[in-house]
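Descriptive analysis of the structure
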Amino acid sequence: MGVNLRTKYLGLSLENPLVVSACPLTQKLDSLRRIEEAGAAAAVLPSLFEEQIEHESAELTKAHEFGTDSFAEALTYFPEQDDYRAGPDSYLEHIEKAKAAVSIPIIASLNGTSEGGWVRYAKLMENAGADALELNIYFIAATLDMTSEEVEARYLDLVSAVKDSVSIPLAVKVGPYFSSMGNMAKRLVGAGADGLVLFNRFLQPDIDLDEMETSPHLELSTRFELLKPLRWIAVLHGRVNASLALTSGLHEAADLAKALAAGADVGMVASVLYTQGIPHISKILGGLTEWMEEKEYDSVEQLRGSMSQENCPDPAAFERGNYMKALVSFTGEAI
Ligand SMILES: Cc1cc2nc3c(=O)[nH]c(=O)nc-3n(C[C@H](O)[C@H](O)[C@H](O)COP(=O)(O)O)c2cc1C
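Residues numbered from 1 in each chain as written. Predicted model: local features only at pLDDT ≥ 70, side-chain atom pairs only at ≥ 80, totals over all residues.

Some remarks on the overall build of the protein chain
Across its full length, the protein chain holds 13 helices and 12 strands. Since a compact globule built from 335 residues should have a radius of gyration of about 20 Å, the 21 Å found for the protein chain is in line with a globular shape. Looking at the protein chain as a whole, 40% of its 335 residues qualify as buried. Once local pairs closer than 6 in sequence are excluded, the contacts in the protein chain between residues at least 24 apart make up 72%. (Helix = DSSP H or I, 4+ residues; strand = E, 2+ residues; numbered from the N terminus. Rg over C-alpha atoms; globule rule 2.2 N^0.38 Å. Buried ≥ 20, exposed ≤ 12 C-beta atoms within 10 Å, placed from the backbone. Contact = placed C-beta atoms within 7 Å.)

Considering the sheet that holds strand 7 (residues 170-174)
The sheet built from eight strands closes into a barrel, its strands ordered 3-4-5-6-7-8-11-12 with parallel pairing. Averaged over all adjacent pairs, the angle separating strand axes in this sheet is 25 degrees, with direction ignored. Bridge count between strand 4 (residues 42-49) and strand 5 (residues 106-112): five bridges; the pairing is parallel. Bridge assignment links serine 47 to a residue of strand 5, and that residue is serine 109. In this fold helix 8 (residues 227-236) packs onto strand 8 (195-198) and strand 11 (243-246), with an angle of close to 165 degrees to the strand it touches most, strand 11. (Pairing = 2+ DSSP bridges. Axes fitted to C-alpha atoms, helices over the stretch in contact; angles between N-to-C directions.)

A closer look at the site of the ligand
Lining the immediate environment of the ligand, one finds 21 residues, of which Ser21, Ala22, Ser221, Ala270 and Ser271 sit closest. Of all the elements in the fold, those that place two or more residues in the shell around the ligand are strand 4, strand 5 and helix 10 (271-276). (Near = placed C-beta within 6 Å.)

Examining the pairing of strand 8
Judged by which residues are buried, strand 8 turns out to be covered on both faces: Gly195 and Val197 on one side and Leu196 and Leu198 on the other are all buried. Here strand 7 runs beside strand 8; their pairing, made up of four bridges, is parallel. By the bridge assignment, valine 172 is partnered in strand 8 with leucine 196. With helix 7 (residues 181-190) bridging strand 7 and the parallel strand 8, this β-α-β connection has right-handed handedness. Pairing analysis gives four bridges linking strand 8 to strand 11, with the strands arranged parallel. The residue of strand 11 that forms the bridge with leucine 196 is leucine 244. (Right-handed = clockwise from strand over helix to strand, strands pointing away.)

Considerations on the environment of glutamate 37
Assignment of secondary structure puts glutamate 37 in helix 1 (residues 29-38). For the pair glutamate 37 and alanine 254, spaced 217 residues apart in sequence, the C-alpha to C-alpha distance is 22 Å.

Some points on unusual backbone geometry
The peptide bond linking leucine 198 to phenylalanine 199 adopts the cis configuration, its omega dihedral lying at 5 degrees. A positive phi angle, near 50 degrees, is found at methionine 212, a position not held by glycine. Locating methionine 212 in the fold gives a position in the loop between strand 9 (206-208) and strand 10 (213-215). The exposure class of methionine 212 is exposed, given the 7 C-beta atoms found within 10 Å. One non-glycine residue, serine 248, lies in positive phi territory at about 110 degrees. Take serine 248: it is sitting in the loop between strand 11 and helix 9 (253-262). On the neighbour-count criterion, serine 248 (25 C-beta atoms within 10 Å) is buried.

A look at the pairing of strand 4
Two faces, one strand: in a regular strand the side chains alternate between the faces of the sheet. With eight of eight residues buried, strand 4 is to be regarded as a mostly interior element. Examined bridge by bridge, strand 3 (residues 18-20) and strand 4 share two bridges and lie parallel to one another. What sits directly across from valine 20, in strand 4, is alanine 43.

Considering helix 5 (residues 120-127)
Among the residues of helix 5, Tyr121, Ala122 and Met125 are the ones counted as buried. Seen along its axis, helix 5 keeps its buried residues to an arc of 110 degrees; they face one direction. (Arc of directions from axis to C-beta.)

As for the packing of helix 9 against helix 11 (residues 280-294)
Here helix 9 crosses helix 11 at 60 degrees, and the two axes come no closer than 8 Å. By the angle between their directions, the pair helix 9 and helix 11 is classed as oblique. In this structure, helix 9 crosses over helix 11, and the sense of that crossing is right-handed. The segment helix 9 lies against helix 11, with Ala253, Leu256 and Ala257 engaging Ile284, Gly287, Leu288 and Trp291. Per-class residue counts for the contact of helix 9 with helix 11 are six nonpolar, one polar and no charged. (Parallel < 35°, antiparallel > 145°, perpendicular 65-115°, else oblique. Left-handed = near helix turned anticlockwise from the far one by under 90°. Nonpolar A, V, L, I, M, F, W, Y, C, P; charged D, E, K, R; others polar.)

Quick word on the nonpolar core
Counting 97 residues, the largest nonpolar core has Val19, Val20, Ala43, Leu133, Val172 and Ile233 as the members making the most contacts within it. Take this core: its biggest share by element is seven residues, from helix 9. For isoleucine 233, the residues in contact, after removing those within four places along its chain, are Leu198, Leu244, Leu246, Ala259, Ala262, Gly263 and Ala264. (Core = buried A, V, L, I, M, F, W, Y, C linked by C-beta atoms within 7 Å.)

Focus: the environment of serine 215
Here serine 215 shows up in strand 10. Apart from the residues lying within four places of it in its own chain, the contact partners of serine 215 are Pro205, Asp206 and Asp208.

What to know about helix 7
Within helix 7, the full set of buried residues consists of Met184, Ala185, Leu188 and Val189. Summarising the axial view, the buried residues of helix 7 lie within an arc of 140 degrees, below the 170-degree limit, and thus occupy one face. Contacts made by the buried residues of helix 7 are with helix 6 (148-165), strand 7, strand 8 and helix 8. Two residues or fewer past helix 7, glycine 192 is found with a positive phi of approximately 130 degrees.

What follows is the structure in structure tokens.
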């Protein structure tokens, strides 16, 4: 008897709990088809950024006001837009093309930090056929004058604004750096998030010592990064009325099994597809099925949340209690 991998995410009924998260692989129709063939249950498109939308409307206004010469000059201030980061209109076209190319649900992604005219793209994404929307709030409070309360209000206002403008389900992707993550999660759901995608990886700029410049830096994830979202999903499972998606560090079947046991409705992958290839999706799903058979789980439903904080034998593991235990259990010697 086979195991039942079906799950629900954002009200969408999915074949299994593995979703490809926002990355350039979902931007190309060819790789999107391969993602579907390999068995992924849904795909999130790379983000359309607030800056892209605002830039385009500002430039259009300038073009009308000053003519095409200054328009061309102004464009040079903005990074070159290749296929992957094509403008807002191409993004909407891509949603339509993606919907036509594959039959798995397509989740569009908007990435920004503040309320504004750009939010209208949420509705345009819905009209273009997106099955759901992921709002990635990637805000770095690099000013010293903003309180945590103000930062949080900004997140919540943005979620409400987007929620009000769409009727498709809304997932909100955030990082882990809140003083009270659990409370923030609860309020994001209160503001309208139908799902939480945990966690954003905030990429840190590096310093190039030869050129004495800062350099943007994108490193693929390591499996170790799984533990942070794993803890918070375990804490939130059963306590917030929203779907939970785990992103960051999910590379192998065992990682997906842990995500589900913690209480995730789906696990997401990006980095591992760059190192192992798109067919790795089917390996993860095969491995999950094997493990579930061996452990006699009939369904994802049955596995989900079995190791959440509410249900696991050692709830303190998710709190401070185990910090001391972990330190004491460390037996390494200096060489
Ligand atoms: C090349 C690349 C591009 C990405 N672009 C986006 C993006 O446009 N929007 C977004 O929300 N996340 C983006 N991400 C983050 C991934 O969706 C994912 O959350 C993150 O990489 C952690 O998952 P992983 O450990 O499976 O890679 C990108 C990741 C990679 C590797």
